[in-house]
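Analysis of the macromolecular model
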Amino acid sequence: MNINKVKLLKWAKRMSYGLGILLALFICFYSSIYIGLWGKIPDSEQLTLLKQSQATQVLDANNNLIGKIYVYDRQSITYSDFPQHLIDALIATEDARFYEHNGIDNKSLLRVFFKSILMSNDSSGGGSTITLQLAKNLFGRKNHGSIGIVVNKIKESIVAKRIEKLYSKEEILTLYLNTVPFPDNTYGIESASEKFFDSHTKDLTLVESATLIGSLKANTSYNPRRYPEKSHIRKNVVINQMEKYGYLSEVQANKAKTDSIVVNYQNYAPNEGLAPYFRAQIKKQLDSLLKQKKYLKPDGEMYNIYHDGLKIHTTLDNTMQRYAEAAMKEHMTDLQRQFEKAYGQNAPWLKGKSAFEAAKKRLKVYKRLKAQGLDDKAIEDSLKIKHQTDLFSWDETSVKSMSTLDSLEYFSKFLNAGLVSLDPSNGAIKAYVGGIDYGFFQFDHIVQSKRQVGSTFKPIVYTAALENGMDPCAYFPLKAITYSDVNNWRPTNSGTFEDEDLNYSLQNALSNSINTIAVKVLYETGIDKVITQAQNMGIKSKLEAVPSIALGSSNLTVLELAKAYTSYVNDSKPSNPVFITKIEDKDGNVIASYEDLYPEQSKTDMAFSDDTRQVILEFLKATANEGTASRLRSTYQLNNAIAGKTGTTQDNKDGWFVGIMPKLVTVTWVGNDNQQIGFSSTGIGQGANSALPIFAKYIQKLNADPRYNKITKASFETPSEAVLNALTCDPTKEDGFFKRLFGNNKDERKFEKKEKKHKKGGGIFGWLKKKDKNE
């Protein structure tokens, strides 16, 4: 044997020893991973019970998605919901041999091992099969240092083999597409389809499917919303792959490559998108409902709204909600400009003003610094430190460097708003706008905020008066009276009147919102009876037994007021507001039905008589036709059947409007969250200018949509002949000569509690019978 052969044999032995050692090391390394020394690996039993966190869906009355409640935005669907071109795009791009292998691409795995261990090359990734990616999506990766990618790849390969043994190829594709991450923190193809194209997966086009599959390579870089050009290029790569593997003809591929991507982005994040205030209220109700024993899971556990993929069916109408939000935005953009311009350099929210100083001391950070023992100067210095701040604007949001004091001054100027629309027949909430922007102003002005309601309370006073026997054609003088036992309170009217000795009918007084007469009607009826009437109409808030209640000094929520007004178009019964109609689990099994949720819904008692209802409706129709809400007809050209009531509170702090239609009751409110800041004048701040236009613009949009003809073209009931006869009276009446000469012209009296003269329950018919006897 020559020397060269000996050397060659030595090298061969060394190489075999080396390879043997490497193989032994790899086997030991692999075994250490397999037995769980690098972290537990799911066994077959765990893999058969795969459960992924799913977002809870909040659906409108037509089963359209409003938004979601989630930690991970994921919605699971079945294989039959995947269009074939979506499957083809995925396989052609991510795993061309998917149907041929057992989940592992051994070449790729060895390449990763040798590049990472032997060559210390971090760029060894790639080549993962769909099953390997599924394993990663299901169980994530842990940081194991410099060899982390090898450890994770081997763990994933073990899991992938187990998955392939337990599941069919179709089931693997279903699991993958339901869990894979897409751009914008979106998980699963259904959520991605809804978010980027406002479409269900089964309705995706070829271009849309290719776009979403293309984004899997790099969620950020190929986000079709943020980087449309890169997304288009990547989409064409997917199309080329589909053509290469025979899934598309050349003609089909060329067309798909020239077609542009049309994104129809829908934001379902909790703080954004459609109806965020409504969704927040839904979440609060769910938190309470799902704790009840009757709604627990079969195993006794509580459903988790963030993980269990519940389906919450609600009363909201997505289209009506969009119209309401758009109407609010259109009007508030303009009103905010009016508001700021009217104050100019003398605005109450500016630094140094009393409203600003009071607001500063209410800040949590101010209170915390004060509790730490800092003096006023130290606190002021701390609040002057600048930091990056997101700023709301009706034009566009921005980020600026400003201090806490700067931020307080900036945000204090904004007016806020609320709108709620109910179907009076069942209390179903059809539109719900809790504020101007949930991202910046999360305080809900529909259910959380209690504000003085101003003149919108007057119809309740008049309702109580009629119920307690007041003649619908009763007349009251305009002139103001001082009530000596109420701190010499002297309510007056807005504007000027030529003849304050003139007498107004109830209809004329209410439709023109005459303050002096509202107080006189209260005086004749009795405060306690008015409070009882309000309670019968569904108002739960405490009502102070004071004369100013006639002018709406009580604090109520927007939703309370809306509920009370539904009684005027619901057979005299207030409708309990309904948010949720049904709760289902992810498989469609009913957890709570409508009957479960509202067992007493149809058992509400009448709040007043049919006759009173018809009379008050006639009064409120007059408000819209020729009273304080007449701009509905003149300015906004609304010809719908509408009754309504405007409201303005003291010092123009709040503007209200209640719009009543036969099949829709809507309440709008506008004001500043700082109740020290009101409008600079009644001209701007009155409900007819501040709140009514939101309602008017909302109804204009509904009028333009024929799908809502049942609402917009509905007619009020025809009043009975008896009611029409009872309302046959002139709007005004002058006192006769002798009454002017010898009548009671005192402009001062006590507002002592006074029992009404008529028997309780006499109502209008009682008055009619007396009139008939006189005839």
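Going by the structure above, here's the rest.
Below is a summary of the structure that appears in this document. Note that the coordinates shown come from a computational prediction; the quantities given were computed from them, not determined experimentally.

Turning our attention to the overall build of the protein chain. Secondary structure assignment for the protein chain yields 32 helices and 22 strands. In the protein chain, buried positions account for 52% of the 775 residues. Sequence separation of 24 or more characterises 71% of the internal contacts of the protein chain that already satisfy a separation of 6 or more. Of the roughly 36,700 Å² of accessible surface on the protein chain, a fraction of 50% belongs to carbon and sulfur atoms.

As a further point, take the packing of helix α14 (residues 354-362) against helix α15 (residues 364-371). Put simply, α14 and α15 touch, their axes get as near as 5 Å, and they point 65° apart. Along the contact surface, α14 presents K360, K361 and R362, while α15 presents K364, Y366 and K367. For the contact of α14 with α15, the residue count by class is 1 nonpolar, no polar and 5 charged.

As a further point, take the pairing of strand β7 (residues 386-391). Taken together, the 6 bridges between β7 and strand β8 (residues 398-403) define a ladder with antiparallel strand orientation. Following the sheet pairing, Q388 is matched in β8 by S401. Taking the residues between adjacent antiparallel strands as the criterion, β7 and β8 are bridged by 6 residues.

Attention now moves to the pattern of salt bridges. Per the counting criterion, the structure on display carries 22 salt bridges. Residues D203 and K202 are paired through a salt bridge, measuring 3.7 Å at the closest nitrogen-oxygen approach. In this structure, D610 engages R613 in a salt bridge whose closest nitrogen and oxygen atoms are separated by 2.7 Å. Highlighted residues: D610 and R613, both in helix α24 (residues 610-625), separated by 3 residues, approximately one helical turn. Note on D610: relative accessible area 37%, which makes it partly exposed. Each of E357, K360 and E380 takes part in salt bridges that share partners, so that together they form one network.

We now examine the pairing of strand β9 (residues 415-423). Counting buried positions over the 9 residues of β9 gives 8, a clear majority of the element. Pairing of β9 with strand β20 (residues 664-672) involves 8 bridges; the strand directions are antiparallel. Within β20, the position partnered with L419 by the bridge is T668. As defined by bridge partners, β9 adjoins strand β10 (residues 428-433) across 5 bridges and the pair is classed as antiparallel. The residue of β10 that forms the bridge with S421 is A431. Connecting β9 to the antiparallel partner β10 that follows it, the hairpin turn spans 4 residues, and G427 within it adopts a positive phi of roughly 80°.

This brings us to a nonpolar patch on the surface. Residues M15, L19 and L22 make up a contiguous nonpolar surface patch of roughly 300 Å² in combined accessible area. Counting through the fold element by element, L22 comes out in helix α1 (residues 3-34). Given the relative accessible area of 38%, L22 is considered partly exposed.

Within the chain, N487 stands out as a residue other than glycine whose phi angle is a positive 55°. Inspection of the secondary structure puts N487 in the loop between β13 (482-483) and β14 (503-505). You can call N487 exposed: its relative accessible area is 77%. Positive phi outside glycine occurs at N488, with the angle close to 55°.

This part takes up helix α10 (residues 228-244). Between its first and last C-alpha, α10 extends 24 Å over 17 residues, near the 24 Å set by a 1.5 Å rise per residue. Within the span of α10, buried status applies to S231, R234, K235, N236, V238, I239 and M242. The inward-facing, buried residues of α10 contact α3 (84-94), α9 (206-214) and α11 (250-258). Note on α10: the residue one or two positions beyond its end, G246, has a positive phi of about 85°.

The full count for this structure, using the stated rule, is 1 disulfide. The disulfide partner of C473 is C729, and the gap between their sulfur atoms is 2.0 Å. Handedness of the C473-C729 disulfide follows from its S-S torsion of about -85°: it is left-handed. Pair noted here: C473 is in the loop between α18 (458-467) and β12 (475-477) and C729 is in the loop between α30 (721-726) and β21 (732-733), with a separation of 256 residues, a long-range link. Note on C473: relative accessible area 12%, which makes it buried.

Strands pair in a sheet through their backbones, by hydrogen bonds, and they do so in one of two ways: parallel or antiparallel. Strands sit in the order β10-β9-β20-β19-β18 across an open sheet of 5 strands; the sheet is antiparallel. Every interior strand has two partners, whereas the edge strands, β10 and β18 (643-648), have only one. Each strand axis lies, on average, 10° off the axis of its neighbour in the sheet, ignoring direction. Together, β9, β10 and β20 form the strand contacts of helix α13 (residues 318-343), whose direction differs from that of β10 by roughly 35°.

Our focus in this paragraph is the packing of α3 against helix α7 (residues 169-179). Running from N to C, α3 and α7 point in directions that differ by 85°, and their axes come no closer than 12 Å. One finds that α3 runs roughly perpendicular with respect to α7. In contact with L86, I87, L90 and I91 of α3, α7 contributes L173, Y176 and L177. Of the residues that constitute the contact of α3 with α7, the class distribution is 7 nonpolar, no polar and no charged.

Below, the discussion takes up the sheet that holds strand β17 (residues 590-592). Spatially, β2-β1-β6-β16-β17 is the arrangement adopted by the 5 strands of the open sheet, whose pairing is mixed. The open sheet has two edge strands with one neighbour each: β2 (65-69) and β17. In this sheet, neighbouring strand axes are inclined to one another by 25° on average, regardless of whether the strands run parallel or antiparallel. Note that strand β6 (residues 311-314) and strand β16 (residues 580-584) share 4 bridges and pair antiparallel. Residue pairing across strands places K311 opposite E584, the latter belonging to β16.

With that settled, consider the nonpolar core. By size, the foremost hydrophobic cluster in this structure holds 142 residues, and its most contacted members are Y462, I660 and Y698. Among the elements that line this core, the one with the most residues is α13, at 9 residues. Sequence-distant contacts of Y462, that is, excluding residues within four places in its chain, are made with L506, A509, L510, I517, A518, V521, I616 and F619. One finds I77, I87, L134 and I172 within the second-largest nonpolar core, a separate group that totals 40 residues.

Turning to the packing of aromatic side chains, a few remarks are in order. Enumeration according to the criterion identifies 29 aromatic pairs in this entry. With a centroid separation of 5.6 Å and 90° between ring planes, the pair formed by F339 and Y343 is classed as edge-to-face. Taken together, the positions of F339 and Y343, both in helix α13 and 4 residues apart, correspond to about one turn of that helix. Of the residues examined, F339 reaches a relative accessible area of 0% and is grouped as buried. Overall, Y343 belongs to the buried group, its relative accessible area being 19%.

Criteria and cut-off values
- Per chain, residues are indexed from 1 in the order of the written sequence.
- For a predicted model such as this one, the threshold for reporting local features is a pLDDT of at least 70, and the threshold for listing and counting side-chain atom pairs is 80 or more; totals across whole chains, interfaces and linings nevertheless cover every residue.
- To get the side-chain values, all heavy atoms of the structure are used, and hydrogens and water are removed first.
- Secondary structure counts use DSSP, requiring at least four H or I residues in a row for a helix and at least two E residues in a row for a strand, with both numbered from the N terminus.
- Only protein chains enter the accessibility calculation, which uses a 1.4 Å probe; a residue is then buried when its area is under 20% of its type maximum, exposed when over 50%, and partly exposed in between.
- Any pair of residues with heavy atoms lying within 4.5 Å of one another is described as a contacting pair.
- For every accessible area listed, the method is Shrake-Rupley and the probe measures 1.4 Å; residues are considered covered only by the protein chains on display.
- Interaxial angles span 0 to 180 degrees and are taken between N-to-C directions of axes, which are lines fitted to C-alpha atoms, for helices over the stretch in contact.
- Classes in brief: Ala, Val, Leu, Ile, Met, Phe, Trp, Tyr, Cys and Pro nonpolar; Asp, Glu, Lys and Arg charged; the others, Gly included, polar.
- Here, a strand pair is defined by DSSP locating no fewer than two bridges between the strands.
- Salt bridges are defined by distance alone: a side-chain nitrogen of Lys or Arg within 4 Å of a carboxyl oxygen of Asp or Glu.
- Patch definition: residues above 30% relative accessible area lacking any salt bridge, with like charges linked at up to 9 Å and the nonpolar side chains Val, Leu, Ile, Met, Phe, Trp and Tyr linked at up to 5 Å.
- Every helix has an expected span of 1.5 Å times one less than the residues it contains.
- The criterion for a disulfide is a pair of cysteine sulfur atoms lying within 2.5 Å.
- Orientation is classified from the angle alone, with under 35 degrees giving roughly parallel, over 145 giving roughly antiparallel, 65 to 115 giving roughly perpendicular, and any other angle giving oblique.
- Throughout, nonpolar core names a set of buried Ala, Val, Leu, Ile, Met, Phe, Trp, Tyr and Cys residues whose side chains join them through atoms within 4.5 Å.
- Here a pair means two rings of Phe, Tyr or Trp (six-membered ring of Trp) with centres within 6.5 Å. Their orientation is stacked below 30 degrees between planes, edge-to-face above 60, and tilted elsewhere.

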